[in-house]
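One-letter residues, chain by chain:
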Amino acid sequence: LDSALAVGAYRLARRPSTPERNRALGLFAANVAMITGWAKLFFGRHDLGAAAVGSAAIAATATAYVAAARPIDKPAAATGVPLVAWVTFATILGTTVWKMNRR
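On a predicted model such as this, the values are computed, not experimentally measured, just so you know.

Calculation notes
Every chain is numbered on its own, with residues counted from 1 as its sequence reads. With pLDDT at 70 or above as the cut-off, local features in this predicted model cover only qualifying residues; side-chain atom pairs require 80 or more to be listed or tallied, and sums for whole chains, interfaces and linings still use all residues. Values shown for side chains rest on all heavy atoms present in the structure; no hydrogens or waters enter the calculation. Secondary structure elements follow DSSP: runs of H or I of four or more residues count as helices, runs of E of two or more count as strands, with numbering from the N terminus. Note on exposure labels: buried denotes an accessible area under 20% of the residue type's maximum, exposed denotes more than 50%, and partly exposed covers the range between, all computed with a 1.4 Å probe on protein chains only. Pairing of N or O atoms within 3.5 Å defines a polar contact, subject to two protein rules: one partner must be a possible hydrogen donor and the other a possible acceptor, and residues neighboring in sequence count only if both atoms are side-chain atoms. Here, the term nonpolar core denotes a set of buried Ala, Val, Leu, Ile, Met, Phe, Trp, Tyr and Cys residues that are joined through side-chain atoms within 4.5 Å. By definition in these notes, contact holds between two residues if any of their heavy atoms fall within 4.5 Å. Salt bridge, as applied in this entry: a Lys or Arg side-chain nitrogen positioned within 4 Å of an Asp or Glu carboxyl oxygen. Here is the rule: rings of Phe, Tyr and Trp (six-membered ring for Trp) pair when centre to centre is within 6.5 Å. Planes less than 30 degrees apart are stacked, more than 60 are edge-to-face, and the remainder are tilted.

K.L.:
Hey, could you go over the environment of Ser17 for me, with residue numbers and the actual values?
P.N.:
With respect to the secondary-structure elements, Ser17 resides in the loop between helix H1 (2-13) and helix H2 (19-44). On the basis of relative accessibility, which here comes to 53%, the residue Ser17 falls in the exposed class. Spatially, the C-alpha atom of Ser17 lies 36 Å from that of Ile92, the residues being 75 residues apart in sequence. Only 3.2 Å separates the side chain of Ser17 from the side chain of Asn22, close enough to count as a polar contact.

K.L.:
Run through the nonpolar core, naming residues and quoting values.
P.N.:
Across soluble globular proteins, nonpolar side chains have a tendency to be buried as a group. Judged by nonpolar contacts, the single largest core of 20 residues is most densely connected at Leu12, Ala24, Tyr65 and Ala69. Those elements that provide at least two residues to this core are H1, H2, helix H3 (48-69), helix H4 (74-78) and helix H5 (81-100). Setting aside chain neighbours within four positions, we find Leu12 in contact with Arg21, Ala24, Leu25, Tyr65, Ala69, Ile72, Asp73 and Ala76.

K.L.:
Describe the pattern of salt bridges, listing the residues and the values that go with them.
P.N.:
For the coordinates displayed, the defined rule picks out 3 salt bridges. Arg15 is the salt-bridge partner of Asp73, the closest N and O atoms lying 3.3 Å from each other. In this pair, Asp73 sits in the loop between H3 and H4 while Arg15 sits in the loop between H1 and H2, placing the two residues 58 residues apart along the sequence. What makes Arg15 partly exposed here is its relative accessible area of 36%. What you see here is one network of salt bridges that share partners, running through Arg11, Arg15 and Asp73.

K.L.:
Requested: an account of the packing of aromatic side chains, with residues and values cited.
P.N.:
The final tally for this structure, using the stated rule, is 5 aromatic pairs. Here the aromatic rings of Phe28 and Tyr65 are separated by 5.9 Å at their centres, their planes lie at 50 degrees, and the arrangement is tilted. Within this pair, whereas Phe28 is found in helix H2, its partner Tyr65 is found in helix H3, the two being separated by 37 residues in sequence. Comparing Phe28 with Tyr65 shows no difference in burial state: the two are buried. Consider the rings of Trp38 and Phe42, whose centres lie 5.0 Å apart with planes at 10 degrees: the pair is stacked. Of the two residues, Trp38 and Phe42 both sit in helix H2, 4 residues apart, roughly one turn of that helix. For Phe42, a relative accessible area of 24% gives the class partly exposed.

Quick look at the structure:
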């Protein structure tokens, strides 16, 4: 997943700078930062509620990334589709685990 996303970001970065391309790259960067934060919430702090909210936010920005990248470079956008699928599944799973473990 990470390798495919890196290839997609590389493809976008090689395109001429436009507001649309820069927005797509910004969404990509936001996803990288949010994924790092999510890992700290889930694995480091064991804050399942915040991690569930965080994964939903990642799913939203990953979807926005795919939509923003598609008009610029369809293969680059396609590299984000597995992330959207995975994070959507992780959101459902994380929310379920959180609900089952609330005290």
